[in-house]
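# Secondary and tertiary structure notes
Below, each chain spelled out in residue letters.
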Amino acid sequence: MRRNTLVLSAVLFIFATFAWAGWANFEYRKQATERLLASAAKGELVVDAATGAPEYVSPLKGKPAPAFALEDLSGKKVSLDSYKGKAVLVNFWATWCAPCKIETPWLVELRDQYAAQGFEILGVSTEGDGVGMDDKAAWDKDKAAIAHSAQQMHMQYPVLIDGDSIANQYGGLDELPMSFFVDRNGTVVAVQMGLTSKADIEGDIKKALGN
Amino acid sequence: MAMGLVLGLAALAAIGQTDSTSRSLVNGAAVEYMFPEQVTVAAGKPSDVALHFRIAKGLHINSHTPKDEFLIPTTFSIPDGLGVHLDKVSYPDGKEFTLPADPTSKLSVYTDEFVIQAKIVAEAGNHLVEAKLHFQACDKNICLPPKTIAVAIDVIGK
């Protein structure tokens, strides 16, 4: 009797162990699939056969720009959808990004130059420091730094916060600055990774405007 | 015996899998801790330890005293309660670096290899310390998000 109980316990234990292993495996695969889907929008550096220069190729090019609604510095929600009919440059930047500080004055000038043709910039701050709204003190500190930085760089266009929350949709944003040029129909027509040049940015603004 | 085998297989099936889905345009770690892996110091007395780090080729990180208020300084820390207290840290001076796109920019950075001098006080015994290095890396055109890496040191207090 005692032996039977022991054998039964052992069998049950083995079944339970396999059930746990199966569940853990399922969870792992589910998470891996989610990660794969999230990373599917990631771009790649490809060497241009003609020039030998590395070129950033984004799978978002030619596709609808992922929708988002983020708060601006005054706390107002701003959605990309509300700019349908305009050409929009979605520019991801951060207060700690030195190349972004070189690029921003160019953006300010280009926005002034092309606004009348229906062009707008959304400057999406992407601090990448893992600070969320639940940590109010750190969140407020981040917000104050973003506002100070935006003021210092005379960013007259909407500055949105918490770009990290839409990072996966835009390819992970592992590198900054990152710019997505969206045409009047909401399609991404060009993507730039890193600091390029004012002329390159202007070229892609014209593309977004359909000039 | 058989039971052990079954459990081992089940555990391997559950956790023995590698993640091959994460990708980044910058291959490998931006900053790597080189040595020492183990130090022996006098227990209860401040002792100097030189910590060596290597930065990936083509990248730089801000020094401990960057020239812009918004830039993230490199900092070294040891969490409390590990039997080892960080008494003082001396960081190397940064090298001046100018971004090619803006000849007026003057950054204070570390490149290649750098050494942080830490003064630590260890209790008697063997302590596996997981210290932390916080930094933010860039190259001349792009920046990577701020990161904290583990600095594992086996500290023996005698």
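Before reading further, recall that the structure is shown in the block above.
Quick summary incoming for the structure in this document. Just so it is clear, the structure is predicted and the values come from calculations on it, not from any experiment.

Turning next to the overall build of chain A. Of regular secondary structure, chain A possesses 4 helices and 9 strands. Along its sequence from the N terminus, chain A presents helices and strands in the succession α-β-β-β-β-β-α-β-α-β-β-β-α. Taking the principal axes of its C-alpha atoms as reference, chain A extends roughly 90 × 50 × 30 Å. Here chain A holds 211 residues, and the buried ones make up 46% of them. Across chain A, every contact between residues at least 6 apart in sequence was considered, and the portion connecting residues at least 24 apart equals 69%. Surface summary for chain A: the accessible area is close to 10700 Å², and the carbon and sulfur share equals 58%. Computed over 21 positive and 26 negative side-chain charges, the separation of the two mean positions in chain A equals 7 Å.

Secondary structure assignment for chain B yields 1 helix and 12 strands. A sequence separation of at least 24 residues applies to 69% of the contacts in chain B between residues at least 6 apart. A total of about 8500 Å² of accessible surface is found on chain B, and carbon and sulfur atoms cover 55% of it.

In this structure, A:Phe92, A:Tyr170, A:Phe180, B:Val31, B:Phe76 and B:Leu133 are the most contacted members of the largest nonpolar core, which totals 97 residues. The element contributing the most residues to this core is helix 2 (residues 98–114) of chain A, with 8 residues. Apart from the residues lying within four places of it in its own chain, the contact partners of A:Phe180 are A:Ser58, A:Leu60, A:Val88, A:Leu89, A:Val90, A:Phe92, A:Tyr170, A:Leu173, A:Val188, A:Ala190 and A:Val191.

Next up on the list: the state of the cysteines. Residue and element names in this part refer to chain B. The final tally for this structure, using the stated rule, is 2 disulfides over all chains. There is a disulfide in this structure between Cys138 and Cys143, and the S-S distance comes to 2.1 Å. Its S-S torsion of about 95° marks the bond between Cys138 and Cys143 as right-handed, since a negative value means left-handed. For the pair formed by Cys138 and Cys143, the shared burial category is buried.

As a further point, take the packing of aromatic side chains. Residue and element names in this part refer to chain A. A full pass over the atoms with the stated rule returns 7 aromatic pairs over all chains. With centroids separated by 5.2 Å and ring planes inclined at 55°, the aromatic side chains of Phe92 and Tyr170 adopt a geometry described as tilted. Of this pair, Phe92 sits in strand 5 (residues 87–93) while Tyr170 is found in the loop between strand 7 (159–160) and strand 8 (178–182), placing the two residues 78 residues apart along the sequence. For the pair formed by Phe92 and Tyr170, the shared burial category is buried. Taking 4.9 Å as the distance between ring centres and 75° as the angle between the ring planes, the aromatic pair formed by Tyr170 and Phe180 counts as edge-to-face. A residue pair is termed long-range when its members are at least 10 positions apart, and Tyr170 in the loop between strand 7 and strand 8 and Phe180 in strand 8 qualify at 10 residues. Of the two residues examined, Tyr170 and Phe180, each falls in the buried class.

Cis rather than trans, the peptide bond between A:Leu176 and A:Pro177 has omega equal to -5°. Take A:Pro177: it is sitting in the loop between strand 7 and strand 8. Cis peptide bonds are those with omega within 30 degrees of zero, and the linkage from B:Phe35 to B:Pro36 qualifies with 5°. Looking at where B:Pro36 falls in the secondary structure, it is placed in the loop between strand 1 (31–35) and strand 2 (38–41). We note that A:His154 has phi near 55°; this positive angle belongs to a residue other than glycine. Relative to the assigned elements, A:His154 resides in the loop between helix 3 (136–152) and strand 7. Even without being glycine, A:Leu173 reaches a positive phi, approximately 50°. Considering the arrangement of structural elements, one finds A:Leu173 in the loop between strand 7 and strand 8. Overall, A:Leu173 belongs to the buried group, its relative accessible area being 4%.

Calculation rules
Residues numbered from 1 in each chain as written. Chains lettered and ligands numbered in written order. Predicted model: local features only at pLDDT ≥ 70, side-chain atom pairs only at ≥ 80, totals over all residues. Heavy atoms only, no water. Helix = DSSP H or I, 4+ residues; strand = E, 2+ residues; numbered from the N terminus. Buried < 20%, exposed > 50% of the residue type's maximum accessible area, 1.4 Å probe, protein only. Contact = heavy atoms within 4.5 Å. Areas by Shrake-Rupley, 256 points an atom, 1.4 Å probe, with all protein chains shown as cover. Lys, Arg positive; Asp, Glu negative; His and termini not counted. Charge placed at Lys NZ, Arg CZ, Asp CG, Glu CD. Core = buried A, V, L, I, M, F, W, Y, C linked by side-chain atoms within 4.5 Å. Disulfide = S-S within 2.5 Å. Phe/Tyr/Trp six-rings, centres within 6.5 Å; stacked < 30°, edge-to-face > 60°.

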